[in-house]
Amino acid sequence: MSDGGGLFLQVTDWKGVVSRSWEFRFTLNGKTRSMGLGPFAKARKNPDEPVFGLTLKDARLKGGELRQVVEAGRDPIAERQASKTAPEAPKVVTFADALNEYMKTDYSQKNLSSDKHRKQWRASLDLHAVPKIGAKDVGTITIDEVKDVLKPIYSAKTDTARRVRQRMESVFAWAIDEGCREHDNPASVAALQIWIKNQKKAEAQNHPAIQHGDMPTWFAELRQREGMAAQALAFVVLCASWSGEVRGATRGEIDLKAKVWTTPAPRMKMKKPHSVPLSEAAVALLKALPNYDADHKDPKALVFPAPRGGVMSDMTISAVMKRMHEAKAKKDERGWVDPSDDTNPRHPVPHGLRSKFKDWAAKRGYDNIQSELALAHNVGNEVERRYRRDDLVEERRAMMNA
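Residues numbered from 1 in each chain as written. Predicted model: local features only at pLDDT ≥ 70, side-chain atom pairs only at ≥ 80, totals over all residues. Heavy atoms only, no water.

### As for the side chain of Arg 396
(1) Moving on: Mapped onto the elements, Arg 396 comes out in helix 19 (residues 393-401).
(2) Moving on: Excluding residues that lie within four positions of it along the chain, Arg 396 makes contacts with His 274, Ser 275, Val 276, Pro 277, Gln 370, Leu 373, Ala 374 and Asp 391. (Helix = DSSP H or I, 4+ residues; strand = E, 2+ residues; numbered from the N terminus. Contact = heavy atoms within 4.5 Å.)

### Re the pairing of strand 4 (residues 31-39)
(1) Moving on: Inspection of the sheet shows strand 3 (residues 17-28) paired to strand 4 by eight bridges, in the antiparallel sense. By the bridge assignment for strand 4, Arg 25 is matched with Ser 34.
(2) Moving on: With antiparallel pairing between neighbouring strands as the criterion, strand 3 and strand 4 make up a hairpin whose turn holds two residues, including Asn 29 at a positive phi of roughly 60 degrees. (Pairing = 2+ DSSP bridges.)

### Observations regarding the sheet that holds strand 7 (residues 274-277)
(1) Moving on: Read from one edge of the open sheet, three strands run 5-6-7, paired in antiparallel fashion. Among the strands making up the open sheet, the edge pair consists of strand 5 (254-255) and strand 7.
(2) Moving on: Here strand 5 runs beside strand 6 (residues 260-263); their pairing, made up of two bridges, is antiparallel. Directly across from Ile 254, in strand 6, lies its bridge partner Trp 261.
(3) Moving on: Sitting on the sheet, helix 19 is in contact with strand 6 and strand 7, with an inclination near 45 degrees to strand 7. (Axes fitted to C-alpha atoms, helices over the stretch in contact; angles between N-to-C directions.)

### Regarding the packing of aromatic side chains
(1) Moving on: Per the counting criterion, the structure on display carries nine aromatic pairs.
(2) Moving on: Pairing Phe 24 with Phe 26 gives two aromatic rings, centres 5.8 Å apart and planes at 15 degrees, and the pair type is stacked. Side by side, Phe 24 and Phe 26 carry an identical accessibility label, which is buried.
(3) Moving on: With a centroid separation of 5.6 Å and 85 degrees between ring planes, the pair formed by Tyr 154 and Trp 195 is classed as edge-to-face. Residue Tyr 154 is found in helix 7 (residues 143-154), and its partner Trp 195 is found in helix 9 (residues 189-197); the two are separated by 41 residues along the sequence.
(4) Moving on: Using a relative accessible area of 3% as the deciding quantity, one classes Tyr 154 as buried.
(5) Moving on: Judged by relative accessible area, Trp 195 falls into the buried class, the value being 12%.
(6) Moving on: Put simply, the rings of Phe 235, Trp 261 and Phe 304 touch in pairs and so form one group of aromatic residues.
(7) Moving on: In this arrangement the basic side chain of Arg 25 is found over the ring face of Phe 8, its NZ or CZ atom lying 4.1 Å from the centre.
(8) Moving on: The ring centre of Trp 242 lies 4.0 Å from the NZ or CZ of Arg 354, which sits over that ring. (Phe/Tyr/Trp six-rings, centres within 6.5 Å; stacked < 30°, edge-to-face > 60°. Buried < 20%, exposed > 50% of the residue type's maximum accessible area, 1.4 Å probe, protein only. Lys NZ or Arg CZ within 6 Å of the ring centre and 35° of its normal.)

Written as structure tokens, this is what we have:
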């Protein structure tokens, strides 16, 4: 049945089974040929109803397209066969795609040990790299494009730039391993070595700390403050610890009888267990915490939980120091500030308390190895550390009490 213009509906009756299909017939170079278009389908009553085959309207549109092909002197049958045998264009994997896939790998899950670290790792690339190279094919990104990512941050935040480079290198390494990239890693140290040497680095700044002579007054004021964050900050001071150690401390890590707090290796920056001899003041602080003895039956219970449960945020402890600074500033218009730079006075932060401990230990004449062990630093070279296996907990106890 002809619909005109070379479009036909072919109806076949095979032993009582009737089938209908569309054909397009055309003449090219003096030869008439027939091209199947697919089965006939009734027009849809509901626009959302699925259609299997071509309706009359669809068949007429298809027929019109094919007539244009023939009028241009091309063979629609040959073109259809060529399209079936042509290799599919390779899928473009962008840097953003590669980043997403890398974050799912066992390697990233193993090496990015905590949710916080994973979020920081990912956030740094989302902030600095993805806006510039996220939509680009990971296989074609050049060294110059990597430099463009690093240039704005290298002179202002050198440490951040260094971490961003290392993280980009990991993503490109995944792409090379997965066959998404053939060329060398454009974020590797080897590729950027000369460029990195020529970059102006940001001047290192110490964490702002309280003046040595102000520590007794500041600590006395801190001990007057209520709340779990204030208690956690006081424990940071008494143990010379990182904020993260204290915030994540559990009851099972603390032995009140032996007066020792041992942080397991996974929670330590150096990935080694760290023991702190608890001073009498630190033990007294723990015993004064609400329901400390009752909760101690659960070894996984946090010593300093957040008000709504879970691990307290780093900002919560920092906020205590900031509020103390602001309260004092209202009285003397200066507050608690780091005196090392009068042109740019900064209020102290928790990490600066560790440097105050180091200063205090040096002024009091305590052994450097003991004070470094108290701060959980690596002391000496690899050979020295291998032979010195004792962490001198009892030797450090007198220092921590003082």
